[in-house]
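# Notes for the structure review
As a plain string of letters, each chain reads:
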Amino acid sequence: MSVGALRIGVDLGGTKIEAIALDADGRELARRRIPSPSSDYRAVVEAVRGLVAGLEVDLGATATVGVGTPGSPSSATGLMRNANSTQLNGEPLPADLAHALQREVRVENDANCFALSEAVDGAGAGRGTVFGVILGTGVGGGIVHAGRLWRGPNAIAGEWGHNEMPSRTGTALADTLCYCGRRRCIETYLSGPGLAADHARSIGATVATLDAHAIAALAAAGDRAAQETLARYAERLASALASVVNVLDPDVIVLGGGVSNIDTLAANVAARLPAHVFSDRCTTPVVRNRHGDSSGVRGAAWLWPSRSYAGAPD
Ligand SMILES: [Zn+2]
């Protein structure tokens, strides 16, 4: 098997690093997973090198390598920025991985990898413009148009999570401070921790002890406060996505990340979206992802070949 026939994707997560090998048709051939080295950047580079080398020995072939990360390489400097795994920030990850693996390695934001995976053969397959949304520890997004990842000159396209939360949904917004230094970022209300904090505030608790999964279970069991929290969340998500629709008008919005596992969420947001969009009609589908936790690692593999990619990292 030659380079190009086999694709390896690597997902650098906060708790684990996962690698997958796909054949030319996107079938999974092998997968490996290790815990993330907690704080040592050089150990992260070495861990990725080791995972790729192990898969190539298993499969008896060399592969293209794409890597999904929190944050992304700056198009100006090639250095990582915006990563919540802060040991990556300021480091030349694409160059160091290329040196360690002796080939070009494409490094891309993990939400972009999610969007690409769902556009290639997931819930957005066959659609012209796909907006992929991550609702997890953070809130991110990625845009795929005509099968190509849309990065933009600042490599920031799709990052709606650090826009300011629209405030006209009829429910008062707590004044939040985001880790990025800005106030009232969408992420502080619509991430998993943001949802948990909103629920805690609504019931007068000082500490958020219930996560998104627990709040959804309470709501399903008839708990009024949990139901109201999920209704506020759906309304805020619809309102925040409406500004994306007004600018991009995607053919489909695909939800990913842990919060998207709430059964009723996608349908509730789709129903609420038209009220916030500046159009006489809004038929934009809002759907759950198809590949679940594998979307990030599959999308990293799909960073090759170039037909599914708008350009190599600078
Ligand atoms: Zn922010």
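Up top is the structure these notes are about.
Because the structure is predicted, anything quoted here is derived from the model rather than measured. For every chain, the first residue of its written sequence is number 1, and the numbers climb from 1 along that sequence. Only residues with pLDDT of at least 70 are given local features in this predicted model, and only at 80 or more are side-chain atom pairs given and counted; all residues enter the totals for whole chains, interfaces and linings. Only hydrogens and water are removed before side-chain values are computed, so all heavy atoms of the structure are retained for them.

## Examining the overall build of the protein chain
The numbering of helices and of strands both runs from the N terminus, where a helix is a DSSP run of H or I of at least 4 residues and a strand a run of E of at least 2. Each helix and strand in the protein chain was counted, giving 9 helices and 12 strands. Relative to a compact globule of 314 residues, whose C-alpha radius of gyration would be 20 Å, the protein chain shows 19 Å and is just as compact. Along the three orthogonal principal directions, the C-alpha set of the protein chain runs to about 55 × 40 × 40 Å. Type-normalised accessible area, obtained with a 1.4 Å probe on protein chains alone, sets the label of each residue: buried when under 20%, exposed when over 50%, and partly exposed for intermediate values. A burial count over the protein chain gives 51% of its 314 residues as buried. Sequence separation of 24 or more characterises 63% of the internal contacts of the protein chain that already satisfy a separation of 6 or more. Across the protein chain, 28 positive and 31 negative side-chain charges occur, with their mean positions spaced 2 Å apart. Each radius of gyration reported is based on C-alpha atoms, and the globular scaling rule is 2.2 Å times the count of residues to the power 0.38. Residue contacts follow a heavy-atom distance rule, with two residues in contact if any of their heavy atoms lie within 4.5 Å. Positive charges come from Lys and Arg alone, negative charges from Asp and Glu alone, with His and the N- and C-terminal ends not counted. Working definition for charges: the position is that of NZ of Lys, CZ of Arg, CG of Asp or CD of Glu.

## Some words on helix 8 (residues 265-272)
Among all positions in helix 8, only L265, A266 and V269 are buried. Seen end-on, helix 8 carries its buried residues on one side only, within an arc spanning 95°. In helix 8, the exposed positions angled more than 90 degrees off the buried face are occupied by A267 and A271. Looking at the buried positions of helix 8, the neighbouring elements they touch are strand 8 (129-135), helix 7 (224-248), strand 11 (252-256) and strand 12 (286-288). Regarding the arc, it is the one traced by the directions from the helix axis to the C-beta atoms.

## Description of the coordination of the zinc ion
Listed donor atoms are N, O and S within 2.8 Å of the metal (Na, K and Ca: 3.2 Å). As water is not included, a site may look incomplete. At the metal site, the zinc ion is ligated by H162 (ND1), C178 (SG), C180 (SG) and C185 (SG), and these contacts range over 2.1 to 2.4 Å. Its 4 donor atoms give the zinc ion angles of 105 to 116° at the centre, a pattern that matches the tetrahedral case. Ordering the donors of the zinc ion by residue number gives the pattern H-x15-C-x1-C-x4-C. Assigned by exposure class, C178 and C185 land together as buried. A four-donor site is called tetrahedral if each angle lies between 85 and 135 degrees; a four-donor site is square planar, and a six-donor site octahedral, when trans pairs exceed 155 degrees and the remaining angles lie between 65 and 115; all other cases are labelled irregular.

## A word on the packing of helix 7 against helix 8
Axes here mean lines fitted to C-alpha atoms, for a helix over just the part in contact, with angles spanning 0 to 180 degrees between N-to-C directions. Look at helix 7 against helix 8: their axes get within 9 Å of each other, and the N-to-C directions meet at 55°. One element, helix 7, and the other, helix 8, form an angle in the oblique class. As for the relative orientation of helix 7 and helix 8, their crossing is right-handed in sense. For the pair helix 7 and helix 8, contact is made by A231, Y233, A234, E235, L237, A238 and L241 and by L265, N268, V269 and R272, respectively. When grouped by side-chain class, the residues that make up the contact of helix 7 with helix 8 number 8 nonpolar, 1 polar and 2 charged. Put simply, angles under 35 degrees are roughly parallel, angles over 145 are roughly antiparallel, angles from 65 to 115 are roughly perpendicular, and the rest are oblique. In a left-handed crossing the near helix is turned counterclockwise from the far helix by less than a right angle, and in a right-handed crossing that turn is clockwise. The classification used treats Ala, Val, Leu, Ile, Met, Phe, Trp, Tyr, Cys and Pro as nonpolar, Asp, Glu, Lys and Arg as charged, and all other residues, Gly among them, as polar.

## A look at the pairing of strand 4 (residues 64-69)
Burial analysis of strand 4 places 6 of its 6 residues in the buried class, which makes it a mostly covered element. Residue alternation in strand 4 divides its side chains into two sets, T64, G66 and G68 and V65, V67 and T69, and both sets are buried. Two elements, strand 1 (residues 7-12) and strand 4, share 5 bridges in a ladder whose sense is parallel. Looking at the pairing, D11 lines up with G68 of strand 4. Two strands pair under a simple rule: DSSP has to find at least two bridges between them. Pairing analysis gives 5 bridges linking strand 4 to strand 7 (residues 105-109), with the strands arranged parallel. Within the sheet, the bridge partner assigned to G68 lies in strand 7 and is E108.

## Details of the sheet that holds strand 3 (residues 28-35)
Taken in spatial order, the 5 strands of this open sheet run 3-2-1-4-7, and their pairing is mixed. Each edge of the open sheet carries a strand with a single partner, namely strand 3 and strand 7. If you compare each strand with its neighbour and ignore which way they point, the axes differ by 15° on average. As defined by bridge partners, strand 2 (residues 16-22) adjoins strand 3 across 7 bridges and the pair is classed as antiparallel. When the bridges of strand 3 are listed, L22 appears paired with E28.

## Here's the deal with the packing of helix 6 (residues 212-220) against helix 7
Where helix 6 meets helix 7, the axes come as close as 7 Å, and the angle between the chain directions of the two elements is 120°. Here helix 6 lies oblique to helix 7, going by the angle between them. As for the relative orientation of helix 6 and helix 7, their crossing is left-handed in sense. Only A226, Q227, T229 and L230 of helix 7 make contact with helix 6, whose side of the interface consists of I215, A216, L218 and A219.

## Concerning the nonpolar core
Definition used in this section: a nonpolar core is a set of buried Ala, Val, Leu, Ile, Met, Phe, Trp, Tyr and Cys residues joined via side-chain atoms within 4.5 Å. Counting 39 residues, the largest nonpolar core has L135, W160, L190 and L265 as its most contacted members. Of all the secondary-structure elements, those providing two or more residues to this core are strand 8, strand 9 (139-145), helix 4 (187-190), helix 6, helix 7, strand 11 and helix 8. Per-element accounting of this core gives the leading share, 11 residues, to helix 7. Counting 28 residues, the second largest nonpolar core, distinct from the first, contains I8, A61, V65 and A83.

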